[in-house]
Amino acid sequence: MKTFIKSIFLFALSAVFMVSCAPSEKKGSKSNKGALAGNAAEKVYVAPGELDSHYAFISGGFSGQLAVYGLPSGRLFRVIPVFSQDPEKGYGYSEETKPMLMTSHGFVPWGDSHHPDISQTEGSVDGRWIFINENNTPRIARISLKTFETEEIIEIPNSAGNHSSSFVTENSEYVVAGTRFSVPFPQRDMSIKDMKGNFSGALSFLKIDPESGEMNIAFQIKMPGFNYDLSHPGRGKSHGWFFFSTYNTEEANSLLENNASRNDKDFIAAINWKKIEEYVANGGGKKVPANYAHNTWDDNSHTATSVMKKEVLVVEPKDVPGAIFFLPTAKSPHGCDVDPTGEYIIGNGKLAAAMTVHSFTKLQKAIADKAFDGDAYGIPIIKFEAVNYGSVEPGAGLGPLHTEFDTRGNAYTTFFISSEVVKWNVKDLKVLDRHKVYYSVGHLMIPGGNSRTPDDKYLVAMNKITKDRYLPTGPEVCQSAQLFDISGEKMELLLDFPTIGEPHYAAGISADKIMGKDGKKTTKIYKLDENTHPYAVKSEAETKVVRKGNEVHISMSMIRSHFSPDNIEGVKVGDKVFFHVTNLEQDYDVPHGISMIGANTSELLIMPGRTTTFTWEPKQIGVWPFYCTDFCSALHQEMQGYIRVSPKGSDIPISFTLDGDIPGAEEE
Amino acid sequence: MKKSKIIMIIGSLLLLGLFVFPLWNITLEAPQYPIPLGMDIHINKFSDTHEFDIKNINLMNHYVGMQYIPETIPEFKVFPVVIGIMVLLGVIIGFTGNYKWYLGWFILMSALGIAGMYDFYLWEYDYGHTLDPHAIMKFKNPDGTKMGFQPPLFGTKDILNFTAHSYPMPGAWLMFSGMMLTFIAFFVGKKEAK
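Throughout this document, residue positions are counted from 1 along each chain, in the order its sequence is written. Chain letters start at A and ligand numbers start at 1, both assigned in the order the entries are written. Local features in this predicted model are restricted to residues whose pLDDT is 70 or higher, and side-chain atom pairs enter the listing and the counts only when it is 80 or higher, whereas totals over whole chains, interfaces and linings include all residues.

Caption draft 1: Layout of the pairing of strand E33 (residues 506-510) of chain A. Residue and element names in this part refer to chain A. Three exposure classes are used, based on other C-beta atoms lying within 10 Å of a residue's own C-beta, which is placed from the backbone: buried for 20 or more, exposed for 12 or fewer, and partly exposed in between. The helix and strand labels rest on DSSP assignments: H or I over at least four residues marks a helix, E over at least two residues marks a strand, and numbering proceeds from the N terminus. Burial of E33 is extensive: 4 of the 5 residues sit out of reach of the surface. Strand direction decides the pairing type here: strand E1 (residues 54-59) and E33, joined by 5 bridges, are antiparallel. For phenylalanine 57, the partnering residue across the bridge sits in E33 and is alanine 507. Whether two strands pair comes down to DSSP finding at least two bridges between them.

As structure tokens, this is what we get:
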């Protein structure tokens, strides 16, 4: 037995030796050839029929959506429609999904999605929901990771440019939403040049229901009118705190590129949310009028509901002394990141060469010692030396944006201006490795990066510019992600892959947390028995067409490979025809689609067991076809039907048949 | 109590397993069904291996004009009664009867079993051969006769894009074991009588 163990040990040792001697290893970090330099191709090859080990949820940026990729392959699986209409899936077009895009400004068909973050339990990503913020018309969405569909969107009042969002605390107590553009709070008609001292920046804490995941704004902190850029929760020892980076502490309202870049230091706002939560629980804060949409999706009625909320609880910082502090941080910090232990708070000063590292232990001592350096609008400013742990050595790179961490005490920071990712040690602040990226990297992602337990094999860098990295496609070329292996001492570039929209930010998680070990955790079908849609049909016998004035309601079914009914007469020019279509399938991966010639809307793509509605207002007489748009079966091409449209005022009665009979008539 | 009696009673009681476990299973594999479709046959019902499997088998089969698997069949009323009576009879014989009765019970049960299998075969034959004349797809055997889609009575068979498996389930194994025990009980009883 002993010799056996010994020989295994020797074998392992020799393997290590061989790997470290391989010439490709060193080349890998310098070369931009990636896969050719070493065994990178093998590391990203997921053989046909095999599955990726991780999910990467990469924000679509200005596409308004969230894209789902596999790691290490970089393959795109699905684009989840969130803030923008998606005609491919009927999202934002079907009667049931339109309410998801309602806001206090009415129906908004587009959004700018930014920072996805996965729900957590005890400091680890749990794969239940993923949250994502919309920057333009401030909103936060919650997406189910069972169905991979948007289940909820809540608008954030008193906010503009919902940027420092949507990060989740370590037990999913709250998801936060911060304000990028400070604005009058509440909005009012006033001169722009009177901004200074008169605008505010709301930081909103949305309580997450632990069972349903439903979000509600618990309180909004009315902060000074700076710009709040990014944020991250404290964790472990700093759980209960939240940190927001600020820029434009100058409060400039024009030519910000100069005027908001004057101060050498801006702030990280440290917020003790537990203290504010307690204050609110004891009746603190003031309910003020507001107007914001809260849209929720129901998987039984397969319908979204939009409700306008009329009130929000506002907390003034001065009313909760000892809860909010400003930490001076080098120049216009972007990312504001907390390491897995919760001790180090990193300000990525994007206009400075140095990165500021603050210590949570020092912060607590500074507060106890009242080591303040004045205040800003009544909020104490901690003395820089009293909270600062150190700075990452100068020359680390230019334009640090965002830092994530591994479990071995290392940090990885993107540098936008010098287009590189830099690995450094959090404790001794020494740079360990650097690697070029192509080009102008924004955020990066390590699966579980915003948690106590990063799953630190892979790192994904997200680039704004690709220039010559892919085949040219005219003036607009794709943006991209780059995958690194960070399990070794040196980062190894493995793969480039193009992304949808702008890959703004991402969250990752190991696949088994979402699939379950047997792959059963994700939803496969919706059960017909549980469908409570008012126009749902449970069988073909229930299908029918009913006229109500000039509205015609078709309760239609679809199953391989026909519609019921598929011949309809009695529709007239000027009618509004509602197709309420139920997919009667109860089999995995058998959606059907439907579209009607001339309908001024998108197709519907209907999952098994679901009912969805589109409308058609026929303008011309004739006999018009509809058909299944998703290649569903061998008889997909035959899955079609006709509707006869008669002139306005015609007396042809409504009739509907399948194969010559009224559906269900045979069975009676 | 004599050993033969105990074996006879236990053997008969094992038939009660049929009220708990399925008797038979038919499973259909196809490339687009990496998780195969399956149907369990109990003495009183058909059931899905995975929820909605029977519905999906019906959907597949309608393309070749096969009938829907019925919700229930008359046999589902008869089988439980027959099995119930046989269990009762076996236990009574075990307590009171001569060992020769054990053999009688075994022969009767075997006859009923064969009748049951024959009935199942007839249903399968009808299911696989009585096809809708307006079937979407019609297939012919190489010899020009109409192709049937009867699943195998026992074993594995390729039918178009499907591979059909037909095998006994725990209910049947318990029944077979029980019957074997009653047969053994006969010989043990015979030995004891000497």
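There's more to say after this.
Caption draft 2: Representation of the environment of Ile652(A). Residues and elements named next belong to chain A. Structurally, isoleucine 652 can be placed in the loop between strand E43 (640-646) and strand E44 (655-657). Sequence separation of isoleucine 652 and valine 571 is 81 residues, and the distance between their C-alpha atoms is 8.1 Å. By definition, residues are in contact whenever their C-beta atoms, placed on the basis of the backbone, come within 7 Å of each other. Residue contacts for isoleucine 652: discarding those within four places in its chain leaves Glu569, Gly570 and Ser646.

Caption draft 3: Just the interface of chain B and chain A, in detail. Contact residues are listed per partner, giving 6 residues for chain B and 5 residues for chain A. Following the grouping adopted for this structure description, the nonpolar residues are Ala, Val, Leu, Ile, Met, Phe, Trp, Tyr, Cys and Pro, the charged ones are Asp, Glu, Lys and Arg, and the polar ones are all others, Gly among them. For the side of chain B that touches chain A, the residue count by class is 4 nonpolar, 1 polar and 1 charged.

Caption draft 4: Highlighting the sheet that holds strand E25 (residues 400-405) of chain A. Residue and element names in this part refer to chain A. Judged by pairing direction, the sheet is antiparallel, and its 4 strands sit side by side in the order E25-E26-E27-E28 without closing on themselves. This sheet does not close on itself; its edge strands, each paired only once, are E25 and strand E28 (431-436). Shown here is a sheet whose adjacent strand axes are inclined to one another by a mean of 20°, direction ignored. Where strand E27 (residues 420-425) lies against E28, 5 bridges are found, and the strand directions are antiparallel. Fitted lines through C-alpha atoms serve as axes, helices being fitted only where they are in contact, and the angles separating the N-to-C directions of these axes extend from 0 to 180 degrees.

Caption draft 5: Local environment of the packing of helix H3 (residues 75-96) of chain B against helix H4 (residues 99-129) of chain B. All names here are of chain B. At their nearest, the axes of H3 and H4 sit 10 Å apart, and the two run at 170° to each other. In terms of their interaxial angle, H3 and H4 are classed as roughly antiparallel. Touching Glu75, Val82, Met86, Leu89, Gly90 and Ile93 of H3 are Trp101, Tyr102, Trp105, Met109, Leu112 and Asp119, all from H4. Here the contact of H3 with H4 is composed, by residue class, of 9 nonpolar, 1 polar and 2 charged. The scheme is simple: roughly parallel for angles under 35 degrees, roughly antiparallel for over 145, roughly perpendicular for 65 to 115, oblique for anything else.

Caption draft 6: Representation of the sheet that holds strand E21 (residues 355-359) of chain A in the model. Residues and elements named next belong to chain A. Judged by pairing direction, the sheet is antiparallel, and its 4 strands sit side by side in the order E19-E20-E21-E24 without closing on themselves. Because the sheet does not close on itself, it has two edges, and the strands there are strand E19 (333-338) and strand E24 (388-392). Going from strand to strand, the sheet's axes swing by 20° on average, the running direction of each strand aside. Here 4 bridges tie E21 to E24, and the two strands are oriented antiparallel to one another.

Caption draft 7: The arrangement of the confidence of the model for chain B in detail. Residue and element names in this part refer to chain B. For chain B, the average pLDDT comes to 93, and 100% of its residues sit at 70 or higher. Ranking the elements of chain B by mean pLDDT puts strand E4 (residues 155-159) last, at 93, and strand E3 (residues 46-48) first, at 96. As a predicted assembly, this complex carries a pTM of 0.91 together with an ipTM value of 0.88. Confidence scores labelled pLDDT are given residue by residue by the predictor and lie between 0 and 100.

Caption draft 8: Just the pairing of strand E12 (residues 215-224) of chain A, in detail. Residue and element names in this part refer to chain A. Counting buried positions over the 10 residues of E12 gives 9, a clear majority of the element. Inspection of the sheet shows strand E11 (residues 200-208) paired to E12 by 9 bridges, in the antiparallel sense. Residue serine 204 lies in a different strand from E12, and its bridge partner there is glutamine 220. Between E11 and the antiparallel strand that follows it, E12, lie 6 residues; glycine 213 among them carries a positive phi value of about 85°. Where E12 and strand E17 (residues 303-315) come together, 2 bridges link them in parallel fashion. For glutamine 220, the partnering residue across the bridge sits in E17 and is valine 314.

Caption draft 9: Fine view of H4(B). Residues and elements named next belong to chain B. One less than the number of residues in a helix, times 1.5 Å, gives the span that helix is expected to have. For H4, which comprises 31 residues, the first-to-last C-alpha distance of 45 Å matches the rise-based estimate of 45 Å (1.5 Å per residue) to within 8%. When H4 is considered as a whole, its buried residues turn out to be Tyr99, Tyr102, Trp105, Phe106, Met109 and Gly128. The inward-facing, buried residues of H4 abut helix H1 (3-13), H3 and helix H5 (170-193).

Caption draft 10: Expanded view of unusual backbone geometry. At the junction of Phe185(A) and Pro186(A), the peptide bond is cis and its omega measures out at 0° in the coordinates. With respect to the secondary-structure elements, Pro186(A) resides in the loop between strand E10 (174-177) and E11. With an omega of -15°, the peptide bond between Tyr438(A) and Tyr439(A) qualifies as cis. Relative to the assigned elements, Tyr439(A) resides in the loop between E28 and strand E29 (441-445). We note that Asp659(A) has phi near 55°; this positive angle belongs to a residue other than glycine. Unlike most non-glycine residues, Leu160(B) shows phi in positive territory, near 50°.

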